[in-house]
Amino acid sequence: MIHRFYILLIILCTALPMQAQSLRTGAEQTEKLLPLLKGKRIALVVNQTSIVGPMQTHLLDTLLSLKMDVRKVFAPEHGFRGNADAGETVRNGRDVKSGLPILSLYGKNKKPTAAQLADIDVVVFDIQDVGSRFYTYISTMHYVMEACAEDGKQLIVTDRPNPCDYVDGPIREANQKSFVGMHPIPVLHGCTVGELAQMINGEGWLKNHIKCPLTVIPVEGWKHGAPYPLPVKPSPNLPNDQAIALYASLCPFEGTDISVGRGTYMPFQVIGSPLLKGYPYSFRPQPLPGFDKNPLHKDALCFGNDLRQVQAPHGFSLKYIIEYYQAYQKQGKAERFFTRPSWFDLLMGTKQVRLDLIHGKDETAIRSRWQKGLLHYKKMREKYLLYP
């Protein structure tokens, strides 16, 4: 069976353009992965991005077809199929196709329990990240690493490229630790999940500084700074490359009165509010299956900007947050802007950005506060780079 699989893979790859042939994610390198799994009882941490090869076969289906002993699946935020809303509890269930149990890591239980790992030898983490500190898949990976360390289980990270590969933004401060900020890293961390896993181990960020038994299968044919358009949307409200590129700079709006387009077919590509009637573009958030069931400003006409064709920031930008806060100020409604100030601070990783905005500082002045921290982080990051 394995021999026939390799023959089919060779045939399919020869039909691909040369650029597509040159890049192979960790999960696609079965010649490296299978020897690590043979004879082992396996759990997967996967979602809809965990695809293999030109046919976009799910890693679970691939491993089962190769007679690997997969026992269960752990699902992150948005679930195994990636269709749960942001923040929506993901429930336990079973995969319809394979019948395997699906155990939620988003809800009450964010960390695999000892009982859930008791019949497992090795865990495979294969999820596409988008390079932002507050994108919770890396927080799930942290807890999986911690559980594996505590229970003596091997973790394999099958790596994937970073599609928003910059190092920028404020470093998360110690008093702002949360599930949207597990690590003292900038908003845009400039790492793949494999590099981050090595960093988490190497910097002693797991509880009690324990170390996870870790193997990373690196991406072939990719290096830092190279573009990587995603073949599958990584979560319900990041439907395309433009949304992913804007995500880091727009996500802090989630702590404000500004809609980021949830409830439209352009999430993280349009922004606005019912209060900004002088803006040229308008949209009306509505419940949308597969996107957002209960969006901010539901059914209200919002006025703002259409960012679908703009040049996305090459890094992290405060441009839109400053502009929209000042627009509220001009209307005498600044107190209505930060609707969830604590959430805004958690996303930023610091209270200082919000306080600087309130005190009227421009982007240059605000950014100057985190430059020293960024330099320190960049130096530390170099130790863990797999694609220099």
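Structural notes, computed from the coordinates. Since this is a predicted model, take the numbers as computed values, not measurements.

**Focus on the overall build of the protein chain**
Moving on, step 1. Scanning the protein chain from N- to C-terminus turns up 13 helices and 14 strands.
Moving on, step 2. A globule of 388 residues ought to have a C-alpha radius of gyration of about 21 Å, and the protein chain, at 21 Å, matches this closely.
Moving on, step 3. Each of the three principal axes of the protein chain carries a C-alpha extent, and together these read 70 × 40 × 40 Å.
Moving on, step 4. The buried share among the 388 residues of the protein chain stands at 57%.
Moving on, step 5. Long-range contacts, defined here as pairs at least 24 residues apart, represent 72% of the contacts in the protein chain between residues at least 6 apart.
Moving on, step 6. The average position of the 46 basic charges and that of the 35 acidic charges among the side chains of the protein chain differ by 2 Å.

**Details of helix H3 (residues 30–37)**
Moving on, step 1. Residues of H3 that are buried: Thr30, Leu33, Leu34 and Leu37. Angularly, the buried residues of H3 cover 95° about the axis, an arc narrow enough to put them on a single face.
Moving on, step 2. Glycine 39 occupies a position one or two residues after H3 and carries a positive phi of about 80°.

**Re the packing of aromatic side chains**
Moving on, step 1. For the coordinates displayed, the defined rule picks out 17 aromatic pairs.
Moving on, step 2. Between tyrosine 106 and phenylalanine 179 the ring centres are 5.9 Å apart and the planes differ by 45°, which places this aromatic pair in the tilted class. Residue tyrosine 106 is located in the loop between strand E6 (101–104) and helix H5 (114–117), and its partner phenylalanine 179 is located in the loop between strand E9 (167–171) and strand E10 (186–189); the two are separated by 73 residues in the primary sequence.
Moving on, step 3. Residue tyrosine 106 is classed as buried on the basis of its relative accessible area, which comes to 12%.
Moving on, step 4. Seen in terms of ring centroids, tyrosine 325 and phenylalanine 338 are 5.6 Å apart; in terms of plane orientation they differ by 40°. Their pairing is tilted. Note that tyrosine 325 is positioned in helix H9 (residues 319–330) and phenylalanine 338 in the loop between H9 and helix H10 (341–348), a separation of 13 residues in sequence. Grouping residues by exposure puts tyrosine 325 and phenylalanine 338 together as buried.
Moving on, step 5. Ring pairs connect the aromatic residues Phe134, Tyr135, Tyr137, Tyr247 and Phe268, which therefore count as one cluster.
Moving on, step 6. Lying across the ring of tyrosine 106, lysine 110 places its NZ or CZ 5.3 Å from the centre.
Moving on, step 7. Directly above the ring of phenylalanine 291 sits lysine 233, whose terminal nitrogen or CZ lies 4.2 Å from the centroid.

**Here's the deal with the packing of helix H6 (residues 137–151) against helix H7 (residues 193–202)**
Moving on, step 1. Interhelical geometry of H6 versus H7 gives an angle of 45° and a closest axis separation of 11 Å. Classified by the angle between their axes, H6 and H7 sit oblique to one another. As H6 runs across H7, the sense of the crossing is right-handed. Listed contacts from H7 to Ile138, Met141, His142 and Met145 of H6 are Val193, Leu196, Ala197, Ile200 and Asn201.
Moving on, step 2. Looking at the contact of H6 with H7, its residues break down into 7 nonpolar, 2 polar and no charged.

**A look at the sheet that holds strand E14 (residues 302–306)**
Moving on, step 1. One open sheet accounts for 3 strands, arranged E12-E14-E13; its pairing is antiparallel. The open sheet has two edge strands with one neighbour each: strand E12 (270–273) and strand E13 (281–283). Each neighbouring strand pair of the sheet contributes to a mean axis angle of 45°, computed without reference to strand direction.
Moving on, step 2. Alignment of E12 against E14, held across 4 bridges, turns out to be antiparallel. Bridging from a neighbouring strand, valine 270 pairs with aspartate 306 of E14.

**Description of the environment of proline 163**
Moving on, step 1. Note that proline 163 resides in the loop between strand E8 (154–158) and E9.
Moving on, step 2. When the C-alpha atoms of proline 163 and leucine 214 are compared, they prove to be 23 Å apart, with 51 residues separating the residues in sequence.
Moving on, step 3. Ignoring anything within four residues of it in the chain, the contact list for proline 163 reads Gln128, Asp129, Val130, Tyr228, Leu230 and Ile244.

**Topic: the pattern of salt bridges**
Moving on, step 1. Per the stated rule, a full pass over the model turns up 20 salt bridges.
Moving on, step 2. Of the charged contacts, one joins lysine 32 and glutamate 220 as a salt bridge, the two residues approaching to 3.4 Å between their closest N and O atoms. You can see lysine 32 sitting in helix H3 and its partner glutamate 220 sitting in the loop between strand E11 (214–217) and helix H8 (241–250), a full 188 residues away along the chain.
Moving on, step 3. Owing to a relative accessible area of 38%, lysine 32 belongs among the partly exposed residues under this scheme.

**Examining the state of the cysteines**
Moving on, step 1. Scanning the entire structure with this criterion turns up 0 disulfides.
Moving on, step 2. Here cysteine 251 is not disulfide-linked; the sulfur of cysteine 164 is the nearest cysteine sulfur, at 12 Å.
Moving on, step 3. Classification of cysteine 251 as buried rests on a relative accessible area of 5%.

**Section: H10**
Since one α-helical turn is 3.6 residues long, residues separated by three or four positions face the same way.
Moving on, step 1. Considered for burial, the residues of H10 that qualify are Phe344, Asp345, Leu346, Leu347 and Met348.
Moving on, step 2. Where the residues of H10 are buried, they touch E9, E10, H9 and helix H11 (352–358).

The rules behind these values
- Residues numbered from 1 in each chain as written.
- Predicted model: local features only at pLDDT ≥ 70, side-chain atom pairs only at ≥ 80, totals over all residues.
- Heavy atoms only, no water.
- Helix = DSSP H or I, 4+ residues; strand = E, 2+ residues; numbered from the N terminus.
- Rg over C-alpha atoms; globule rule 2.2 N^0.38 Å.
- Buried < 20%, exposed > 50% of the residue type's maximum accessible area, 1.4 Å probe, protein only.
- Contact = heavy atoms within 4.5 Å.
- Lys, Arg positive; Asp, Glu negative; His and termini not counted.
- Charge placed at Lys NZ, Arg CZ, Asp CG, Glu CD.
- Arc of directions from axis to C-beta.
- Phe/Tyr/Trp six-rings, centres within 6.5 Å; stacked < 30°, edge-to-face > 60°.
- Lys NZ or Arg CZ within 6 Å of the ring centre and 35° of its normal.
- Axes fitted to C-alpha atoms, helices over the stretch in contact; angles between N-to-C directions.
- Parallel < 35°, antiparallel > 145°, perpendicular 65-115°, else oblique.
- Left-handed = near helix turned anticlockwise from the far one by under 90°.
- Nonpolar A, V, L, I, M, F, W, Y, C, P; charged D, E, K, R; others polar.
- Pairing = 2+ DSSP bridges.
- Salt bridge = Lys/Arg side-chain N within 4 Å of Asp/Glu carboxyl O.
- Disulfide = S-S within 2.5 Å.

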